[in-house]
Structures are given as C-alpha cells and as structure tokens.
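Secondary and tertiary structure notes
Residues per chain are reported as follows:
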Amino acid sequence: MNIRLLAKRNIQGNAQRYLAYFFSIVLSVSIFFIYASFIFHPDVVHANIPGGQLISRGLIAAEIVISIFSVFFIAYSNAAFIQPRKKEFGLLTLLGMSKSQLRKLIYLEQTMVSLISILIGVGLGFLFSKLFLMAVSWLLAVEQPISFVFVPEAFVYTIVGFVLLFQLLSLLSLFHIGNAEVVDLLKDKQKPKKTPFVSKWLIALSAVCLSVSYYLACTMSMNNSYIRVMPILFFVLIGTYFLFSQSIVALCSRLYRKKKSLYGGTNLITQTNLIFNIKDYSRLFFLTSIITAVILTAAGTLFMFSADLKKQGINNIPQSIGWVENDASIYSIIEPSAVEKALKEDGFKILYKVNMTGLPITHMLPHMRTGESNENRSLLISESDYNNVAALRKIDPVKLSGKEALYVFPYGGLDYQFVQKGEQKELHYGKQTIQVTMIGQRNQSIVAPIKSATTLMVVDDQLYHELTADVPLKEKVRVRGYEIRDWEESMETSSKIEKMSNNPDHQLQTRAPIYQEMKQGSLLILFIGLFVSLLFFIVQGSMMYLRVFTNLEDKKIQIHALHRLGLTKKEIRQILSEEIRILFFAPFLIGMIHAIIAYVALSNLLGSNLFVYSAMVIGTYFLFQLLYYQVTKKMYERAVINSIK
C-alpha cells in the first residue's frame, strides 16, 4: 500500500459523495470548452461570420462568469470534503502518517478527481461543440453552417486554466487540515454544538436591508437604473446573509419553545437537528438562495425580453414602414405609390395609412442628467391629427383648448419628465414665438420617431391653424406611414422598399429588419444564458447534495440509535424527507422572492405586465428543483435505511 493507491481507494470509497461534484465540474469544463471553441474559431477570429464578433464578446463574458463561479464552488466543495473526514485523517496521523504525507494524500485525491473531470469535460465539450456550432449557425441565419474544426487554443485555455485553478485551490485547502493537531482531528465530531447566538439588532438590520433593496427595485426607472443596481445588490446580499444567520435561527428557536407542536410526531427530532445545525446550514442557505435568485432573474430577464420583443418593436416603431419628408410639398425619400405597389405585389394587406404634416419648432428642455436647459427640436402637430393616428394605435385621445400643449416623447421605457403640468413654455419657429401651457407629457410614439419628428408637440386645432396658416407647404414636414398585417414576414419587402428609396439621412424606417435583428440577438443571448443558468442550477444542486452526503456517516449512527429506540422505517423516512426538504426549498423560497422583485423592476422598465412570463420561469425552475430533490432524497434514504440492521 502506498499513498497513490490509498488516494485511489479513498476516491472509490467516497464515489457517492464525489458524484454531484464530479458531474458539476465536468459540465463547467464542457461549457467552457464549447464557448472557447467558438471564440477562437478561425471564422470568428477573421470576422468571416456576420455577428460572430458580437457573440464572441458575449461568450467571453460568460467564460469569466463560469471561471469566477468555479472558484467559489471548488473552494466550497473542497472544504465540504475535508470537514467530515477529519477523524479519518486523525487516525492516519495516529498510525504514523506524517503531515507532509497527509497533505500529499489529500492533494493526490483532489488532483486525480480534477484531472479526470477535466479530461471527460473536454472530451464531452469537443463531442458536442459541433451541435453548438450548428445551433449558432441557425440562430445567425448564415448561408453556410459554421464549419467544425479543431481549435488548439480551446484545449490549451480550458485544460491549463482549470488545472491551474484546481491546483491553486487544492494547495490552499491543505493549510486547513495540515496544521491541525491529532486530538483535534479525532475529536472534531465529538465537540458539542451550542445553540446559535441570535442578535435582535442583526435581525432588524436584515429586515431594513431587504426592505430598502425591494423599495429601490420596485421604484426603479430607466433613468435611475444605473445608479440603483449596485446599492440593490449590496443590500440584498447583506439582508439575505443575516436573514439566514439570524432571522431563521430566531424563528427556529421560537418553534422549538412551542412544546405542544414540538412533541408531536417526529417534530422533536427534526426541529432539534435543525436548530443545532442551522449555523452550518446558514452559509449554504445564503449561497444557494443567491444562486437561485441569480438563475431566476437572469433566465427570466432573457426569456421575458425575448417574449416581449414583438410588443416592444410595435411600441418603439409605430408603423411597419414609415418615413419623414423634410419638404412636405414633394416626395424626395420615396413615392407612396411605390410603397403601396411593393406591398401589394408581395401580398401584404395595408391595415392603415398615416399622412400627417407638421411644423418644425424649437423649444428649451432640461438635460436628463445635468438638468440644464438645452434647445430641442420637435414637430408641432394638431390635436385632430394626433387623435386620428392615436385611435388607429389604440391610444387614448388628447383634449386640448386655448393655448394648451402636450409633449410626446417616443420611448415608453424612459419615464423622465421633460415637462411639468402647468409649465409655461415658449415655442419658436423662425422669428415667430408663442407661449403655451403644458398639460403634461406622454411617453408613447404614434409616428416614426425620425429626425424632426422624433418628439411631437400637440396643440389645439385652432391654435395650430393660426400658427401655420401663412407657412408654405415646403417649410413644413410630412410624416408618412403604413401598417401592414403579418409585418414580421416582410423582411424581403422591407429590403426592396429601402433599396427603392433615396434615404441618405436615414429618414425611412422599416420595422421588420430591426425586429429580426433584435430577435436574432436576443435568441443568441438567451441561448448562451440558458447554458450558464443550467450550470448554475447544477452547481447549486451539487452544493446541497454535498451538504447531505458529507454527514452521511453521522446520520447513519443517529438513525441506527433511533431505530433501536423504536422508530419505524416510515418515521425515519419522514425525518430524512423533512430535513432534505428544508435544505432544498427554504433557499428556493427566498431566492424566488428576490426574483419576483427583480421581475417587478423589469416590468416597470419595459412598461409591460410580465406576470405570465415570470410565472412560467418560476414554475419551470420549481419543477427542476423538485426533480433534483426527489432524486437526492431517494439516494439519501436508501443509503441511510440500508445501513439499519
């Protein structure tokens, strides 16, 4: 028997404990390798793939996330493997193994597992990279599928990177065990556990931090989102940590004092185990709840944005085809008859047309960030013209009288108020100036937001005619638009119309190409994000699996003693199920609440009701979590109950 053979047999003997850890590392390495294969693919490096560079940047960001996450997971797992084996290490030391030999044994075990994981992960990554390239080719809609080639850089970066990562973390973990005395190693399990300390101040701090973070998230808008993200993250982390380390402990202590429920059924054993292990559980609960929140928020955001993309396209680009003529007396961009002919030839039905003229004006508006007043351009239009188009787009009409005016900003996601109700504003056209009273602002476009028609100033019909009566048509601006049925399928027609137009200043806008480009990009991001979310989910489940099986031997001893005292196997299964259920679903509940608050913030930013989408994401995640729980429970129950003689 030598140290190398002993390390090998230790791995074989702890195979069940290593299973989830091994699977998670293999998945991490596989995804990292697949992404690296695309990043260093010759066609991507030489920009032969349209959109390849953009995806490459997204994958590089994903690689960084995977690397950082792997550091925390491997460090946690190494500590989880070492802690329950201290008695074993103490016995080996007592039998004559030196500290250097003990370190070598632990190092060899972790190195063997890491090398096998890396090799299998790289092999699976290489095997499935062809499928990944095929999927990316389909999403990018390239004429020729991306070729499958051998990418040496992917092998080098993946193997060298993960080997160095494992070696560094393995060496760090050796200091945790190498300096311990033999008596400490042997008696580590026998140390009595104290009732965890609870501070009312820390409980209050947890409640305050979570309340502040939820308030900031629920009241977040587009113009202040960049300021609030970091404070929200900070308060959520602090609040969640003390929620599990203090508030949950206080709740368990309170339940423990209720003797009537405590002595009912198997509650005495379950609650006693929980309260004396809650300090150990709190760190796991904190990590897994944050991971759950990250998974639900990231996957939900990507899914919701993709699902809500069509609505966002219709809101931000009011008509399928729209353009602005700087000279309302002629058609210099494109003739309407040419547009109608192209639509008719390709079989698209016109739902409605827009033909509106307005007067380009200037006025002063505050800058979004500095608040300083700056000159801005808008298109002055009449109340009737606005209401006619608003009715076609199912937008509430506006009612004005006298010298009242409404300011229309085209982007609904930005809720910054450029004008205030009752504010007096001067509108300028040439040397002519008129003062109006603002009735407010609407963040919803009705015509193509192009050049001078990007923002609108709506006034009463009589006032509009008084201002424009002597203005020649050539000094006015004309806005044209066509809304068609099945506009998503009008890519070729839109391209044809764009080629027919004289559009040097980008004064013609077609919705379908922009929508398809955004859809393509969002699908790619969703595709990449789902891989990372899957990895996070597997790693989170692995952390729970490790926590369950690292204390397997202690649990067997406890259950064996309880069985001898008269507990039936049915009651034992109930105890085990309740303990594992708490591990899996307490963090899920808190993570779900965090994610719901994030969904509320996202709904406010997008101006959409995303309840159905969020319910679908949470429901899908819950089903996966339930499946993981059932598998872990069955394996754990079998391992414990089979030990009962």
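Report follows, based on the coordinates.

Rules used throughout
- Residues numbered from 1 in each chain as written.
- Predicted model: local features only at pLDDT ≥ 70, side-chain atom pairs only at ≥ 80, totals over all residues.
- Heavy atoms only, no water.
- Buried < 20%, exposed > 50% of the residue type's maximum accessible area, 1.4 Å probe, protein only.
- Helix = DSSP H or I, 4+ residues; strand = E, 2+ residues; numbered from the N terminus.
- Pairing = 2+ DSSP bridges.
- Patch = residues over 30% accessible without salt bridge, like charges linked within 9 Å, V, L, I, M, F, W, Y side chains within 5 Å.
- Areas by Shrake-Rupley, 256 points an atom, 1.4 Å probe, with all protein chains shown as cover.
- Salt bridge = Lys/Arg side-chain N within 4 Å of Asp/Glu carboxyl O.
- Lys, Arg positive; Asp, Glu negative; His and termini not counted.
- Charge placed at Lys NZ, Arg CZ, Asp CG, Glu CD.
- Core = buried A, V, L, I, M, F, W, Y, C linked by side-chain atoms within 4.5 Å.
- Axes fitted to C-alpha atoms, helices over the stretch in contact; angles between N-to-C directions.
- Parallel < 35°, antiparallel > 145°, perpendicular 65-115°, else oblique.
- Left-handed = near helix turned anticlockwise from the far one by under 90°.
- Contact = heavy atoms within 4.5 Å.
- Nonpolar A, V, L, I, M, F, W, Y, C, P; charged D, E, K, R; others polar.

The alternating pattern of strand S7 (residues 456–459) places Leu-456 and Val-458 on one face and Met-457 and Val-459 on the opposite face, and all of these are buried. Relative to S7, strand S3 (residues 373–382) runs parallel, the two sharing four bridges. When the bridges of S7 are listed, Leu-379 appears paired with Leu-456. With four bridges joining them, strand S4 (residues 404–409) and S7 adopt antiparallel strand pairing. Looking at S7, one finds that Val-408 is bridged to Leu-456.

Attention now moves to a positive patch on the surface. Taken together, the side chains of Lys-569, Arg-573, Lys-634 and Arg-638 make up a positively charged region of the molecular surface. Turning to its location among the elements, Lys-634 is positioned in helix H21 (residues 611–641).

A separate point is the nonpolar core. Within the largest apolar cluster, 102 residues are counted, with the highest numbers of intra-cluster contacts made by Tyr-21, Tyr-35 and Phe-38. Of all the elements, helix H20 (residues 569–606) adds the most residues to this core, at 16 residues. Counting residues in each nonpolar core, the second largest holds 23 residues, with Ile-395, Val-408, Ile-446 and Val-447 among its members.

What follows covers the environment of Gly-529. Summarising the element assignment, Gly-529 is placed in helix H18 (residues 511–550). The exposure class assigned to Gly-529 is buried, which follows from its relative accessible area of 13%. A C-alpha to C-alpha distance of 9.4 Å links Gly-529 and Gly-58, two positions 471 residues apart in sequence.

What follows covers the packing of helix H14 (residues 336–345) against helix H17 (residues 491–500). Across the interface, H14 lies against H17 with an axial gap of 10 Å and an inter-helix angle of 155°. One finds that H14 runs roughly antiparallel with respect to H17. Handedness of the crossing formed by H14 with H17: right-handed. Packed against H14, whose contacting residues are Ala-338, Val-339, Ala-342, Leu-343 and Glu-345, the element H17 presents Thr-493, Lys-496, Ile-497 and Met-500 at the interface. When its residues are assigned to classes, the contact of H14 with H17 shows six nonpolar, one polar and two charged.

At a closest axis distance of 10 Å, the pairing of helix H13 (residues 309–316) and H18 adopts a crossing angle of 145°. Judged by the sense of rotation from one axis to the other, the crossing of H13 with H18 is right-handed. Residue-level inspection shows Leu-309, Lys-310, Gly-313 and Ile-314 of H13 in contact with H18, the latter providing Arg-511, Tyr-515, Met-518, Lys-519 and Ser-522.

A surface patch of nonpolar side chains, amounting to about 640 Å² of accessible area, comprises Ile-116, Ile-120, Leu-124, Leu-127, Phe-128, Leu-131 and Met-134. By secondary structure assignment, the location of Ile-116 is in helix H6 (residues 99–140).

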